[in-house]
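Okay, here's what each chain looks like letter by letter:
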Amino acid sequence: MSKCIIDGREVEFTPGQNLIEVAKKAGIDIPFFCYHPGLSVVAQCRMCAVEIEKMPKLQTACSTVAAEGMVVKTKSPRTAQNQKAVMEFLLINHPLDCPICDKSGECDLQDNSYRHGDLYSRYTEERRTYLDLDMGPVIQKNMNRCIHCTRCIRFGDEIAGIREMVALQRGNNTQISTVDGRALETDYAGNYADICPTGSLTVKDFRFKKRVWFLKKTSTVCEGCSRGCNMEIHQDANVIYRCIPRENMQINKYWLCDEGRFNFQYVNDENRVVAPMVNHSVSDWGLSIDQAKKVLMGKKIAVLVGSDLTQEEGSHLLEFLPKHFPGSPIFHFGTPGLNTAEKDGDADRILKRKSKTSNLHGLEKLGFQGFDKMPKEINAVLVIRGGRAILPDLKGLVAVGLGVFMAPQVEEFSVILPGTSFAEKDGTIVNYEGQAQRIRRAILPPGQCKGLSEVLMMWVNSKSSSGAA
Amino acid sequence: MLDEFETLFIQHFNDNARSLAYYLEKMQGYTASKKALAMPQDEVISEVKKSNLRGRGGAGFPTGMKWGFIPKNSTKPKYLVCNADESEPGTFKDRDIMRYTPHLLIDGMVIGAHAIGANTGYIYIRGEYTREAKLLQVAIDEAYSKGYLGKNIQGSKFDFDLTVHRGAGAYICGEETGLLNSLEGKRGEPRVKPPFPAQSGAFGGPTIVNNVETLAGIPYIINRGGEWFSKLGKIEKSGGTRLFCVSGHVKKPGVYELPAGSVTLRQLVYGTCGGILGDKKLKAVIPGGSSAPVLTADEIDVIVDIEPLMKIGTMLGSAGIIVVSEDYCIVKLIRRITRFYEHESCGQCTPCREGCRWMEDILDRIERGKGREQDLALLLEVADNMSGKTLCALGDAAAGPVISFVKKFRADFEAHIRGAKCPNV
């Protein structure tokens, strides 16, 4: 193993690693703005410049590859002076509007300013200002806050595969913008806000909703497609405010698509059915279960299971359904036109998959079969889903729903038993590569919503006899 | 001392010289490339090494050594690029070479291309040089038609294609990696080094970027030998003659060709150029284009060459010598120079993008008589925070002059601040 010396400590590295990564592994933080491990290295912000023995000039740690025996000083007076200077340069034209900036609290510029900057400004000139054009529905731009790190330009170019962010003008007037001021086109626009080291690009949906330091973070996995991108749910007082990607180099690296990022919105949606419903009006749990059993009684029932359920839920159902719905066929559903895991594939060249549910591959492993078309003799269905699987056409059959439903769907069901979404339960999902991952409960279920196992237990213990049995 | 030598370039600086016929007849045209194409590549490079030819673009890097950096067994195509951007203020020598002796440059490029194994070459010429670009194209067409360029040059089985590429007016496209980005059709911004162009340059291939005057000297080296060329220089480690561009307040401004290291700055200003306009006193000399730190009237007894000037803290750069007489406001001058760098900063790296404008603002304030006592210290600190800390050399080019002007002419700045106006008006 090769070794170099950083701040007097011997640090091991793999050849080819840059000094920021090597130092990070040893617990030494070198501050930076333009560097991002998932993007190309441009060494533009100059914040990460460090002193290296035998080199007359400071060297940027992002663009310097560690070498055997290299002696690096990340906290020397010269390094510190440069960091202070870069902070001063970056802040002379920054509006310092942290009190009204959504990035405040998780802002690289703010953090590094506290750690490495000066308390006072020597700048007496007028600050540079820009006019901003609208960048579409996802991202809010504030060019005045921009520090020209060009991460967004490189993200568009290198990851999203669309060169929509560009630098216009030159020198001090350089403006980071979309080409011709157009709206962003990529389906991955939310990442622009994640990688922006200041509040220059923020997510419109999250704007002015919550100070970030109030947010509680739960590590979980996106349910938006069969890739299973790792992400964090951020909530406060049982309300989800946003989801952001979580690094997983095997699956999604640092990124998340907008569909996955904003998928959580249905969880807090005011249209969500959060109380048991019988014949389109609110009821209570006991009566609803009785009614459900009643409407299914004596019918030829098919059970439709959403492939947005977890492995645990799937296993429960495989125990429960044969006992209480003997002889009823069981199908999984989720993405129209895609009824087996075999048909799943990449939907783009980045992250998205064709299967719009998270656990299609897992449920098939448990033995569930895909829903193709309703067998002729069927005249009632029991639909069990999370919040993501897309309902097939029920053709006006008698239907009982268990899980997450929205107000407009109520019409189709005689009984609805409100269940939990991915954010309200723990469990395991299996992605298209067979990788099992944990999803974790971030918030409590709203209203009278109950977890699947609890509902099944109530079904078993309810006084009236089971639907088909 | 200066009478008895034969100039390499200036004697041909007339309108008749640019034709192929003149080049063939009077300048042993294309015999050098014929000779070089018969030599092994290493031999050409070692001849150039022997010549002590140092890059004429500004950095003064030994040309032979630079050519030697090209990897021998690269799978990617190699490129030879001629830097004809000549963007340093005070420099106007390459323009004359391209205007009067374009074939000399083409001849030199064929030799260089052979030495490094490149089959494609570009002349990246600054956008403002419209006439020179046209003249070069005429010369290139002539050379193609007679088999001095193109396939199987002079029966040597060596192919070399040469294209004139016009810039769009950015100073930074004279910096070699900025030039390469511009050549590739990207924003003219310097790249992070390493990798250096010799490893990965134009279109990712190994690339050598040489100045016009550098390449135009090559045919002489091949025809008359590296040693002969080296001996033209009157100072160690610097061969050949040099073109000096003298501008400003001298009686006879212009391009002068002198053996490298043969004169002092005083001899050049007062002898060759006939002294200061109106016989005024000398105030300052900028010896190497506007990015070189300034010299005072007391510092001009220095040999005008790379190392003597480096020893006293400035540089020969592109040999653009700007002479300033006593009645020109030194604060106005440095403000104007800083304005240039502020305008030309590409804007990608922090210290240069923010620092250049800040320095200009402070200097502007001082010149208008609105400066404050603490502004000089602030100015020096801002300049120091840029020096050596930027992505390319433009930060140094902007900060170096400011530091030297304030240090050497502090009284002038203080007079502006205390008198609340420019004392010269």
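Refer to the structure presented above.
Attention here is on the structure that accompanies the text.

### Observations concerning the overall build of chain A
Part 1: Tallying secondary structure elements over chain A gives 10 helices and 22 strands in all.
Part 2: Along the longest, intermediate and shortest principal axes, the C-alpha atoms of chain A span 85 × 50 × 35 Å.
Part 3: Within chain A, residue pairs in contact and separated by at least 24 positions form 65% of the contacts whose partners lie at least 6 positions apart.
Part 4: Total accessible area on chain A stands at roughly 20,200 Å², and carbon and sulfur atoms take up 51% of it.
Part 5: Here chain A contributes 59 positively and 55 negatively charged side chains, and the mean placements of these two sets differ by 1 Å.

### Focus on the side chain of K389 of chain B
Part 1: Mapped onto the elements of the fold, K389 of chain B is located in the loop between α15 (375-386) and α16 (394-408).
Part 2: Put simply, K389 of chain B is tucked away with no salt bridge, and the nearest opposite charge, on D384 of chain B, sits 4.5 Å away.
Part 3: Setting aside anything within four residues of it in sequence, one finds K389 of chain B in contact with R46, L58 and N82 of chain A together with P351 and D384 of chain B.

### A closer look at the pairing of strand β4 (residues 207-211) of chain B
All names here are of chain B.
Part 1: Most of β4 is tucked away: 5 of the 5 residues are buried.
Part 2: Neither face of β4 is exposed, since T207, V209 and N211 on one face and I208 and N210 on the opposite face are all buried.
Part 3: Alignment of strand β1 (residues 79-84) against β4, held across 5 bridges, turns out to be parallel. Residue V81 lies in a different strand from β4, and its bridge partner there is V209.

### A short note on a nonpolar patch on the surface
Residue and element names in this part refer to chain B.
Part 1: A cluster of nonpolar side chains, F61, M65 and F69, forms an exposed patch at the surface whose accessible area comes to about 280 Å².
Part 2: In this structure, M65 sits in helix α4 (residues 63-68).
Part 3: Taking the relative accessible area as the measure of exposure, M65 reaches 41% and is therefore partly exposed.

### Here's the deal with the interface of chain B and chain A
Part 1: In this assembly, 32 residues from chain B lie in contact with 33 residues from chain A.
Part 2: At the boundary of chain B with chain A, total buried surface from both sides reaches about 2,700 Å², with 47% on carbon and sulfur atoms.
Part 3: A per-residue breakdown of the area chain B buries against chain A is headed by R353, E354 and W358 of chain B, which together make up 24% of the total.
Part 4: At the junction of chain B with chain A, the criterion picks out 4 salt bridges.
Part 5: Between E354 of chain B and R128 of chain A there is a salt bridge, with its nearest N and O atoms 3.1 Å apart.
Part 6: Where chain B packs against chain A, one counts 21 residue pairs in polar contact (both at pLDDT 80 or more).
Part 7: Going through the elements one at a time, α14 (350-367) and α15 of chain B are the ones with two or more residues in the side of chain B that touches chain A.
Part 8: Counting residues per element, the side of chain B that touches chain A draws most heavily on α14 of chain B, which supplies 10 residues.

### Description of the sheet that holds strand β12 (residues 239-245) of chain A
All names here are of chain A.
Part 1: Strands sit in the order β10-β11-β12 across an open sheet of 3 strands; the sheet is antiparallel. Each having just a single partner strand, β10 (216-221) and β12 make up the two edges of the open sheet. Strand-to-strand twist of the sheet, defined as the mean angle between neighbouring strand axes without regard to direction, takes the value 30°.
Part 2: Here β10 runs beside strand β11 (residues 230-236); their pairing, made up of 6 bridges, is antiparallel. Bridge pairing links T218 to I233 in β11.

Rules used in this analysis
What you see as residue numbers is a count from 1 along each chain, following the sequence as written. Naming scheme: in the order in which they are written, chains are lettered from A and ligands are numbered from 1. pLDDT decides what is reported in this predicted model: residues at 70 or higher carry local features, side-chain atom pairs at 80 or more are listed and counted, and totals for whole chains, interfaces and linings draw on all residues regardless. For side-chain calculations, the full set of non-hydrogen atoms in the structure is used, while hydrogens and water are omitted. Secondary structure elements are taken from DSSP: a helix is a run of H or I of four residues or more, a strand is a run of E of two residues or more, and numbering for both begins at the N terminus. Contacts are assigned to residue pairs that have any heavy atoms within 4.5 Å of one another. All accessibility values rest on the Shrake-Rupley procedure with a 1.4 Å probe; residue burial counts only the protein chains present in the view. Only four residue types enter the charge count: Lys and Arg as positive, Asp and Glu as negative, with His and the chain ends excluded. By convention, the point assigned to a charge is CZ for Arg, NZ for Lys, CD for Glu and CG for Asp. Relative accessibility decides the category of a residue: with a 1.4 Å probe and only protein chains considered, values under 20% of the type maximum give buried, values over 50% give exposed, and everything between is partly exposed. A pairing counts as a salt bridge when a side-chain nitrogen of Lys or Arg comes within 4 Å of a carboxyl oxygen of Asp or Glu. A pair of strands is labelled paired if DSSP reports no fewer than 2 bridges between them. For patches, a residue must show more than 30% relative accessible area and have no salt bridge; joins then use 9 Å for like charges and 5 Å for nonpolar side chains, namely Val, Leu, Ile, Met, Phe, Trp and Tyr. Two parts placed together each lose some accessible area under a 1.4 Å probe, and adding up what both lose gives the buried area. Polar contact is defined as a pair of N or O atoms within 3.5 Å, subject to the rule that within protein one atom must be able to donate a hydrogen and the other to accept it, and that residues adjacent in sequence are counted only when both atoms are side-chain atoms. In this analysis, axes come from line fits to C-alpha atoms, helices being fitted only over the stretch in contact, and the angle between any two N-to-C directions falls in the range 0 to 180 degrees.

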